[in-house]
Amino acid sequence: MNVYFDTSTWNHLERHAERDRLIRIIQQHKQLVLASVITVGEVLRTPDPVDRQNICSVMRALHGNGPLLEHPFDLAHAAAQAILQKQEDFYLLRTGPGNYLLHCMLDATQPPPQDEIWAWLSNMEKRWKEARAQLNSLDLNPAMDHLPAVLGHDAFLEILCKLEPARTLAVSVPQMRVIYGYSDLWKALGATVAYMMKPSTTRAPKNIKGKKRAGAQDLWQIPYLGVVGTFVSGDEPMVEATHEISRVASFRYGRSTQLSDRFFRYLLGFLHDS
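These remarks concern the structure in this document. Everything quoted here is computed from the prediction, not taken from an experiment.

## Considering the nonpolar core
Nonpolar side chains in soluble globular proteins tend to be buried together.
Reasoning step 1: Core analysis: the biggest nonpolar cluster contains 75 residues, and Phe-5, Trp-10, Met-176 and Trp-186 have the highest contact counts within it.
Reasoning step 2: If one sorts the elements of this core by residue count, helix α12 (residues 184–197) sits on top with 10 residues.
Reasoning step 3: Apart from the residues lying within four places of it in its own chain, the contact partners of Trp-186 are Ala-76, Ala-79, Ala-80, Leu-160, Pro-165, Ala-166, Met-176, Ile-179 and Tyr-180.

Here you go:
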């Protein structure tokens with residue numbers, strides 16, 4: 001299956017002493033590494049033009065010119081719509097903003113119009129805040145700290161129905177049960193939402209042992225785990241959150257989460273140039 005690199009992993013690979021060899025190994029073993037509108041949007045904000053061009057060059061080498069993974073809500077809408085129409089799969093959609101970000105990544109020689117990039121990122125942040133505000137106003141039993149008992153619970157499915165991709169389709173709880181059962185993307189989205197609602201998550205300190213906890217903007221990338229086989233991050237708290245979410249999501253097909261340093265060591269140690 002495909003691999004997803006979060007922003008920290010793209011940065012780590014660009015700075016890695018064995019960068020070119022790692023890129024060659026990944027290409028030779030035909031692993032498709034996907035970038036998302038989130039990672040590309042964040043990379044395009046890189047102020048130093050050389051750093052920005054170098055990271056985009058790595059993205060071009062591994063992701064190529066195919067469609068970026070769109071906002072998780074957009075993917076979730078497409079997945080739900082396909083299941084309601086009794087289709088077994090859905091195409092990765094392409095939006096205007098997604099195509100624009102892809103164009104900027106493919107030609108990073110000139111700084112992208114910062115006002116447009118910031119406007120897009122601001123709109124995405126607004127969608128996150130609206131979703132979080134809805135979730136904060138809801139209550140759910142059993143206790144949210146016991147995630148396996150929560151996921152699939154009628155009250156929780158009702159919460160998922162209130163999220164933008166389900167709300168715009170007027171999805172009912174029985175329909176959501178079907179969608180949730182058939183879609184690993186919705187399993188990943190649901191487990192992420194449940195994790196974000198946990199009292200131990202919302203009340204936890206922002207820093208643990210000197211390391212910043214994964215914030216909402218980072219956590220919203222975890223639903224991509226529903227459409228890839230491996231999720232790679234250079235941030236330990238992010239890997240810990242992804243691992244917990246993956247563990248309780250009950251995916252139809254297995255997934256793995258990897259710390260980028262360990263993932264790169266594996267490639268260099270167990271795979272070799274042809």
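## Overview of the packing of helix α11 (residues 173–182) against α12
Reasoning step 1: Where α11 meets α12, the axes come as close as 5 Å, and the angle between the chain directions of the two elements is 105°. Between α11 and α12, the angle falls in the class roughly perpendicular. For the pair α11 and α12, contact is made by Met-176, Ile-179, Tyr-180, Gly-181 and Tyr-182 and by Asp-184, Trp-186, Lys-187, Gly-190 and Ala-191, respectively.

## Let's talk about the packing of aromatic side chains
Reasoning step 1: Considering all chains together, one arrives at 7 aromatic pairs under this definition.
Reasoning step 2: Each ring, one from Phe-5 and one from Phe-263, has its centre 6.0 Å from the other, and the planes form 85°; the classification is edge-to-face. Taken as a pair, Phe-5 in strand β1 (residues 3–5) and Phe-263 in helix α16 (residues 260–270) lie far apart in primary sequence, 258 residues in all. Here Phe-5 and Phe-263 have matching classes, each one buried.
Reasoning step 3: Site record: aromatic cluster; members linked through ring pairs are Phe-5, Trp-10, Phe-263 and Phe-264.
Reasoning step 4: Arg-255 extends its terminal NZ or CZ atom over the ring of Phe-251, reaching a point 5.1 Å from the ring centre.

## Observations regarding unusual backbone geometry
Reasoning step 1: In this model, Lys-86 sits at a positive phi of 65°, which is unusual for a non-glycine residue.
Reasoning step 2: The phi torsion at Ser-250 lies on the positive side, around 55°, for a residue other than glycine.
Reasoning step 3: Considering the arrangement of structural elements, one finds Ser-250 in the loop between α15 (236–248) and β6 (256–259).

## So, the layout of surface pockets
Reasoning step 1: There is about 650 Å³ of room inside the largest pocket.
Reasoning step 2: Around the largest pocket, the lining comprises 22 residues; the ones closest to its centre are Glu-88, Asp-89, Tyr-182, Ser-183 and Arg-252.
Reasoning step 3: Counting only elements with at least two residues in the lining of the largest pocket, the list comes to α5 (72–84), α11 and α12.
Reasoning step 4: In terms of residue count, α5 provides more of the lining of the largest pocket than any other element does, 4 residues in total.

## Examining the pattern of salt bridges
Reasoning step 1: This model, assessed by the stated rule, comprises 5 salt bridges.
Reasoning step 2: Arg-265 is the partner of Asp-261 in a salt bridge, and the nearest nitrogen-oxygen pair spans 2.4 Å. Taken together, the positions of Asp-261 and Arg-265, both in helix α16 and 4 residues apart, correspond to about one turn of that helix.
Reasoning step 3: When salt bridges that share partners are traced, they join Glu-14, Arg-19 and Asp-20 into one network.

## As for the sheet that holds strand β2 (residues 33–34)
Reasoning step 1: With parallel pairing, the 4 strands of this open sheet are ordered in space as β2-β1-β5-β6. Looking along the sheet, the strands with just one partner apiece sit at the ends: β2 and β6.
Reasoning step 2: In terms of strand pairing, strand β5 (residues 230–233) meets β6 through 4 bridges, oriented parallel. Across the sheet, the residue bridging to Phe-231 is Thr-257, located in β6.
Reasoning step 3: Where α15 meets the sheet, its contacts fall on β5 and β6, and the angle it forms with β6 comes to roughly 170°.

## Digging into the pairing of β6
Reasoning step 1: Of the two faces of β6, the one holding Thr-257 and Leu-259 is buried and the one holding Ser-256 and Gln-258 is not buried anywhere.
Reasoning step 2: Between β5 and its parallel partner β6, the chain crosses via α15, and the hand of that crossover is right-handed.

## Examining the pairing of β5
Reasoning step 1: Because side chains alternate across β5, one face comprises the buried residues Thr-230 and Val-232, and the other comprises Phe-231 and Ser-233, equally buried.
Reasoning step 2: The sheet contact formed by β1 and β5 spans 3 bridges and is parallel. Opposite Tyr-4, over in β5, you have Phe-231 as the bridge partner.

Reading the values: rules and limits
Residues numbered from 1 in each chain as written. Predicted model: local features only at pLDDT ≥ 70, side-chain atom pairs only at ≥ 80, totals over all residues. Heavy atoms only, no water. Core = buried A, V, L, I, M, F, W, Y, C linked by side-chain atoms within 4.5 Å. Buried < 20%, exposed > 50% of the residue type's maximum accessible area, 1.4 Å probe, protein only. Helix = DSSP H or I, 4+ residues; strand = E, 2+ residues; numbered from the N terminus. Contact = heavy atoms within 4.5 Å. Axes fitted to C-alpha atoms, helices over the stretch in contact; angles between N-to-C directions. Parallel < 35°, antiparallel > 145°, perpendicular 65-115°, else oblique. Phe/Tyr/Trp six-rings, centres within 6.5 Å; stacked < 30°, edge-to-face > 60°. Lys NZ or Arg CZ within 6 Å of the ring centre and 35° of its normal. 1 Å grid on protein atoms, 1.4 Å probe; cavity = no way out; pocket = protein on both sides within 12 Å on 5 of 7 lines; lining within 4 Å. Points joined across faces, edges and corners; volume = space filled by probe spheres on them. Salt bridge = Lys/Arg side-chain N within 4 Å of Asp/Glu carboxyl O. Pairing = 2+ DSSP bridges. Right-handed = clockwise from strand over helix to strand, strands pointing away.

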